[in-house]
Amino acid sequence: MARSTPGLLGLILTVLLVLGLATGAAGVADVTVRTARVADVADRGGPLAVAAQEIYHSLAEADATVAITFLSAEQEPVSLRQRYQTNLTEVSDLLVTVAARVPATGPSADAVAVLSVNLPVYTGLVETARVYNRQSLPLGAAYLREASWLMRDTLLPAARTLWLEETERMQQARQEATSVPWFALTVGALTLVALGAAQVFLTRRTRRLINPGLAAATVAILAAVTWLAVSWAGVVRHLEAGHQHGAVQVSYLAEARTAVASARASEALELIARSGGGEYEQEFTAAMEQLLGEDGYLARTLASLGGEDTSDNQIRQLVTLAVTIAEQWRDSHAEVRHLDDRGDYRGAVELATGTDDPASTGVLATRLDEHLASALEVASSTFTDESSAAMAALDGAAIAVGVLSGLAIAASAIGLQRRIAEYR
Amino acid sequence: MRRFRGLLTLGLVVVLGLNGCGAPEPMPHRSAQPVPEPRPPGVVDPVTQTSAPAENPSCEDPRASLRPTGEWGPSLDRIRSRNRLVVGVDQNTYLFGFRGPDGQLAGFDVDLAREIAEDFFGDRNHIQFRALTASQRVEAIRSGQVDMVVRMTTMTCERWQEMAFSTEYLTAGQSVLVPAGSPVESIDDLRGERVCAALGSTSLSVLVEHPAGLIAVGAPSAVDCLVMLQQGQVAAVSTDNTILAGFVAQDPQVRVVGEPFTDEPYGIAMAPDAEDLVRYVNGVLERLRADGTWARLYDRWLAPHLGPAAPPQPRYRD
């Protein structure tokens, strides 16, 4: 053990170099990993969760559209056919996007496989039903029931799994992205303590008040640690804002839109089955409760909104309107049931499928969905903006931390090298 | 000094090098998915037991109903005050009860029900249809959900326990339907094969107990059996020849083989205690047979597919 001053100085220098290197490495590693997690939230998790949610919603809407098409007195209204085609095109399109981005194995990949395999089977059944329907043959309705069953038994559950899985993955990425950089900060603090101790030692041994090299190194490490902490705080602020004013509402509104499609399908199926008051009525009531109930998705959306935020205000206006429309729909549905129960089946179908009557449940359901879709878009863009801002908060942090640590190492080396040289 | 400069360079390289790109993601690999084989919802495969009463009640003649007397009672009062007739029908069986081109129900059973409404109210539209599957019929009558069921219902002694029937309005018999190219010529050729009939139908009970050793498959509606036949999931459908005639009309690639091997008299089903209604309906059927309405309906819906026929003669037990 070197007890001489030069020996001690050499030891101190080695310790400082190692610590400086460790600070740089830990800081850069932290920023690198954090950047990847934020990218997961922003570039992958966000759009992926949105795509999964759109697949889920489009499938639910396709099912409802097919049921309503069947119910309409007119053979296959063109507008409904187009909506069905649009829904399916969206699903196929999004599936390609999602398939390329989900992890290669696991529940999401399985769900994508189930969707890819069964979607053409579903459309095949719907087209078969369509050909028979155009000839007014009951085989058409039979194929339709089979298609709808495949949808509700296989496709929708897979789409829901995919959506929940991707949302979960995004939440996990967010938690990892906002975790406190304990390790890097601890190493940085240790380095600062070591630098301080070295300077106290030097002052005592050499009777020079300040070693410029070590002082510069201290400033550089302090700057690196500060940069790290500030960029972390930026990530936390933006991702939390994206969550509180974006992701939460996106999730509720997506559920609400799916509840709308499900209520619409139940309403149509109830008329098709001519089974007033049966299980389809219960399904309708349940879907309405999901929308309008005290703990329903619309109430939860409104409760989740902050005070002054402009995007929150936009969402609040849209959702408040949506609540009114949903209540009108519930009233109109009661009228549909009343007509059917009184024996006026034709009138009931008219009120449920009409496209001109503003009180028609079809018109109301469409308006409701449009309002929810607009609100969802606002929430979604808030989320995207905040995620980009979180990404920007990390811009240059890795290079800055790396360079500052490098400078600290260089400054320490130069500062101590001079003192060591004095002893040779 | 050179030593330290080297160390310094190394440090910077290590520190900055950590910021490089990650490895490319591996190509996604997916395990093989099972080939989807969609089926109609609610199929039971195989059916090994049908819910027939434990002991076979016997009655003198399942075809015998109550004679029309013109007597008025509480069941008729209820219909009168409601101002419409509520009738359970099928909406999935071609020629009997199905959605016509205008979205309204049509078919032999549906028109028969409308004739009863016409007789009662003088307006064939004072009627409300409830779509029922075969297995929903008993409950619909028991709960009073419908006044009557006009839905290809075979009059049997077992069913007389739970419902009252009108006089017979059509005679059917169970047959076998196979793909046009199938070598099957009768039900005896179907040993070990899947054969489908509607759940809750007499046809399915016959299949379950048939000595030919076939596998009975039940579907909610008979037409679901045709779907399964088209998809190659069953080898044959065996049910009333009246229903099978509607299948042939929908799909020329299937054919009916062999002669009917059961006797299925169709009656309109009502609540067991609705004696006044049963007598009233029988009066209407008398008129339809006599004034040529029955023949007109038969010619419109069934004659092209089943050949000419005369209305079954009513039998009464008073």
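In this report, we go over the structure that sits alongside the text. This one's a predicted model, so the numbers in the text were calculated from it and none came from an experiment. (Residues numbered from 1 in each chain as written. Chains lettered and ligands numbered in written order. Predicted model: local features only at pLDDT ≥ 70, side-chain atom pairs only at ≥ 80, totals over all residues.)

Let's talk about helix H4 (residues 138-177) of chain A
For step 1, the next point in the chain: Compared with the 58 Å implied by 1.5 Å per residue over 40 residues, the 56 Å span of H4 of chain A between its first and last C-alpha is a close match.
For step 2, the next point in the chain: The largest bend in H4 of chain A comes to about 35°, at Met 151 of chain A. (Helix = DSSP H or I, 4+ residues; strand = E, 2+ residues; numbered from the N terminus. Expected span 1.5 Å × (residues − 1). Bend = angle between axes of the 7 residues up to and from the residue.)

Considerations on the packing of helix H3 (residues 108-121) of chain B against helix H10 (residues 293-301) of chain B
Residue and element names in this part refer to chain B.
For step 1, the next point in the chain: Axis separation between H3 and H10 bottoms out at 10 Å; the angle between their running directions is 155°. Between H3 and H10, the crossing angle belongs to the class labelled roughly antiparallel. Helix-helix and strand crossings are classified by hand; for H3 and H10 the assignment is right-handed. Residues Phe 108, Asp 111, Leu 112 and Glu 115 of H3 form the contact with H10, whose participating residues are Thr 293, Leu 297 and Trp 301.
For step 2, the next point in the chain: Residue composition of the contact of H3 with H10, by class: 4 nonpolar, 1 polar and 2 charged. (Axes fitted to C-alpha atoms, helices over the stretch in contact; angles between N-to-C directions. Parallel < 35°, antiparallel > 145°, perpendicular 65-115°, else oblique. Left-handed = near helix turned anticlockwise from the far one by under 90°. Contact = placed C-beta atoms within 7 Å. Nonpolar A, V, L, I, M, F, W, Y, C, P; charged D, E, K, R; others polar.)

Quick look at unusual backbone geometry
For step 1, the next point in the chain: In this model, Asp 45 of chain B is joined to Pro 46 of chain B through a cis peptide bond whose omega is -5°.
For step 2, the next point in the chain: Along the chain, the position of Pro 46 of chain B falls in the loop between helix H1 (2-17) and strand E1 (64-65).
For step 3, the next point in the chain: We note that Ser 136 of chain A has phi near 55°; this positive angle belongs to a residue other than glycine.
For step 4, the next point in the chain: Residues other than glycine seldom take positive phi values, yet Asn 83 of chain B does so here, at roughly 70°.

Re the environment of Ala 222 of chain B
Residues and elements named next belong to chain B.
For step 1, the next point in the chain: When you line up the elements, Ala 222 lands in helix H7 (residues 222-230).
For step 2, the next point in the chain: Taking C-alpha positions, Ala 222 is 29 Å from His 126, a pair spaced 96 residues apart along the chain.
For step 3, the next point in the chain: With residues up to four places along the chain from it excluded, the contact list for Ala 222 reads Thr 93, Ala 198, Thr 239 and Ile 243.

A short note on the environment of Thr 23 of chain A
Residues and elements named next belong to chain A.
For step 1, the next point in the chain: Along the chain, Thr 23 turns up in helix H1 (residues 5-71).
For step 2, the next point in the chain: Residues Thr 23 and Pro 358, 335 residues apart in the sequence, show an inter-C-alpha distance of 67 Å.
For step 3, the next point in the chain: Residues contacting Thr 23, with those up to four places away along its chain left out, are Val 187, Gly 188, Thr 191, Ile 221, Ala 224 and Ser 405.

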